[in-house]
Amino acid sequence: MLNHIVLIGRLVRDPELRYISNGTAVSNFTLAVERNYTNQQGERDVDFIRIVTWRKLAETCAHHLGKGRLVAVEGSLQISSSEKDGRTYTNPQVIANEVRFLDWPNDNNRDNRSTNNTNATTTNNNDSGNDTTDNFDIDDNFDVPF
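Since the model is a prediction, treat every value here as computed from it, not as a measurement.

### Structural notes on the overall build of the chain
Right, so step 1: Each helix and strand in the chain was counted, giving one helix and eight strands.
Right, so step 2: Reading the secondary structure of the chain in the N-to-C direction produces β-β-β-β-α-β-β-β-β.
Right, so step 3: A burial count over the chain gives 30% of its 146 residues as buried.
Right, so step 4: Taking as baseline every contact in the chain between residues at least 6 positions apart, the subset at least 24 positions apart corresponds to 56%.
Right, so step 5: Carbon and sulfur atoms form 44% of the exposed surface of the chain, whose accessible area is close to 10100 Å².

Printed below as a string of structure tokens:
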């Protein structure tokens, strides 16, 4: 069986970080993802997808991401259902294994969340707290190889 999803989109709002009773960090945010086609008005529809991250990945996302940031999320789709007032609601969400930061934070939007420019890939594959982070500076002489 295969349950694998990859999404690229922008955060709708800042991530919410909380800790469950055993001290494990969990972070939630919503990703706005454009569809690959246009509607009858010539506009692209947008899907709003709930993302859940755990442990060190949750803390990293909560501290370094904010509303409007572009990210790629890799994980698995989880669908739960609930009943309220006699109606059944379907609640899809993505449990992220990896979150890749695809843009730089804006200087005018920088606050305590991000103190330096980093392009980070963080994974949730282990509990050791070891993240893979690629830090680099781009100077004026930076050239794309193609």
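Read on for the rest.
### Observations regarding the environment of L7
Right, so step 1: As for its placement among the helices and strands, L7 is situated in strand β1 (residues 5–11).
Right, so step 2: Assessed through its relative accessible area of 10%, L7 is described here as buried.

### As for the confidence of the model for the chain
Right, so step 1: On average, residues of the chain score 80 in pLDDT, and 73% of them reach the 70 mark or higher.
Right, so step 2: The low-confidence segment residues 108–120 (pLDDT under 50) makes 26 contacts with residues lying over four places distant or belonging to another chain.
Right, so step 3: Counting contacts from residues 125–146, a segment whose pLDDT is below 50, to residues more than four positions away or on other chains yields 17 contacts.

### Let's talk about the pattern of salt bridges
Right, so step 1: All told, the structure shown has four salt bridges when counted by the stated rule.
Right, so step 2: The salt bridge partner of D45 is R35, with a shortest N-O separation of 3.9 Å. With D45 in strand β4 (residues 44–54) and R35 in strand β3 (residues 25–38), this residue pair connects regions lying ten residues apart in the sequence.
Right, so step 3: According to the relative accessible area criterion, D45 is partly exposed, its value standing at 30%.
Right, so step 4: Taking the relative accessible area as the measure of exposure, R35 reaches 29% and is therefore partly exposed.

### Digging into unusual backbone geometry
Negative phi characterises most residues that are not glycine, and trans characterises most peptide bonds.
Right, so step 1: The backbone of R55 shows a phi angle near 60°, a positive value even though the residue is not glycine.
Right, so step 2: Following the sequence through the fold, R55 ends up in helix α1 (residues 55–64).

### Quick word on the packing of aromatic side chains
Right, so step 1: The final tally for this structure, using the stated rule, is zero aromatic pairs.
Right, so step 2: R69 extends its terminal NZ or CZ atom over the ring of F101, reaching a point 5.8 Å from the ring centre.

What counts and how
Residues numbered from 1 in each chain as written. Predicted model: local features only at pLDDT ≥ 70, side-chain atom pairs only at ≥ 80, totals over all residues. Heavy atoms only, no water. Helix = DSSP H or I, 4+ residues; strand = E, 2+ residues; numbered from the N terminus. Buried < 20%, exposed > 50% of the residue type's maximum accessible area, 1.4 Å probe, protein only. Contact = heavy atoms within 4.5 Å. Areas by Shrake-Rupley, 256 points an atom, 1.4 Å probe, with all protein chains shown as cover. pLDDT = per-residue confidence, 0-100. Salt bridge = Lys/Arg side-chain N within 4 Å of Asp/Glu carboxyl O. Phe/Tyr/Trp six-rings, centres within 6.5 Å; stacked < 30°, edge-to-face > 60°. Lys NZ or Arg CZ within 6 Å of the ring centre and 35° of its normal.

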